[in-house]
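# Topology and contacts: notes
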Amino acid sequence: AYAAGRQGKFREAHSELLENYRVIDAAFIERFAKTLDLDLAQLQKDMKNPEILKKIRRNKAQLEALKSRDTPTLLIGNRILY
């Protein structure tokens, strides 16, 4: 989703991933790019961008700190909703 955001499609990518997430492999990435009308080569390059990888690691650490196990996870007050 962050890589797609570099092409102005973060929200669309986030929704697509939540709705259709399975195993993310090369075939999935190709379909994902086609569905969202993304430049596949640019998407693949951005997926390796250090800034994006840093955001993903930070998100993962936050979810682990919350002991979250699913996406999306909502934190409302002291309650965690999956």
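Above this text you will find the structure in question.
These figures come from a predicted structure and were not determined experimentally.

What counts, and at which threshold
Residues numbered from 1 in each chain as written. Predicted model: local features only at pLDDT ≥ 70, side-chain atom pairs only at ≥ 80, totals over all residues. Heavy atoms only, no water. Core = buried A, V, L, I, M, F, W, Y, C linked by side-chain atoms within 4.5 Å. Buried < 20%, exposed > 50% of the residue type's maximum accessible area, 1.4 Å probe, protein only. Helix = DSSP H or I, 4+ residues; strand = E, 2+ residues; numbered from the N terminus. Contact = heavy atoms within 4.5 Å. Phe/Tyr/Trp six-rings, centres within 6.5 Å; stacked < 30°, edge-to-face > 60°. Lys NZ or Arg CZ within 6 Å of the ring centre and 35° of its normal. Salt bridge = Lys/Arg side-chain N within 4 Å of Asp/Glu carboxyl O. Axes fitted to C-alpha atoms, helices over the stretch in contact; angles between N-to-C directions. Parallel < 35°, antiparallel > 145°, perpendicular 65-115°, else oblique. Left-handed = near helix turned anticlockwise from the far one by under 90°. Nonpolar A, V, L, I, M, F, W, Y, C, P; charged D, E, K, R; others polar.

### Some points on the nonpolar core
Core analysis: the largest hydrophobic core is formed by twelve residues, namely A3, A4, A13, L17, F28, I29, F32, A33, L36, L38, L43 and I52. Within the residue set of this core, elements represented by two or more residues are α1 (2-5), α2 (10-20) and α3 (26-35). Per-element tally for this core: the top contributor is α3, with four residues. Once residues lying within four places of it in the same chain are set aside, the contact partners of F28 are L17, N20 and V23.

### Quick notes on the packing of aromatic side chains
For the structure shown, the criterion picks out two aromatic pairs. For the ring pair Y2 and F10, a centre distance of 5.6 Å and an interplane angle of 25° mean the geometry is stacked. Residue Y2 is classed as partly exposed on the basis of its relative accessible area, which comes to 24%. Between the aromatic rings of F28 and F32, the centroid separation amounts to 6.0 Å while the plane-to-plane angle is 15°, which identifies the pairing as stacked. Pair noted here: F28 and F32 are both in helix α3, with a separation of four residues, about one helical turn. Across this residue pair, the class does not change: F28 and F32 are buried. Lying over the aromatic face of Y2, K55 brings its terminal NZ or CZ to 5.1 Å of the ring centre.

### Here we look at the pattern of salt bridges
For the structure shown, the criterion picks out two salt bridges. Its salt-bridge partner being E51, residue R6 comes within 3.5 Å of it at the nearest N-O pair. With a gap of 45 residues between them, R6 in the loop between α1 and α2 and E51 in helix α5 (residues 50-65) connect regions that are remote in the sequence. For R6, a relative accessible area of 42% translates into the label partly exposed. The class of E51 is exposed, set by a relative accessible area of 53%.

### Digging into the packing of α2 against α3
The relative placement of two packed helices is expressed as an angle between their axes plus a distance between the axes. Where α2 contacts α3, the axes come no closer than 11 Å and their chain directions differ by 135°. As the angle between them shows, α2 and α3 are arranged oblique. For the pair α2 and α3, the crossing hand works out as right-handed. Mapping the contact onto sequence places A13, E16, L17 and N20 in α2 and F28, F32 and T35 in α3. Classifying every residue of the contact of α2 with α3 gives four nonpolar, two polar and one charged.

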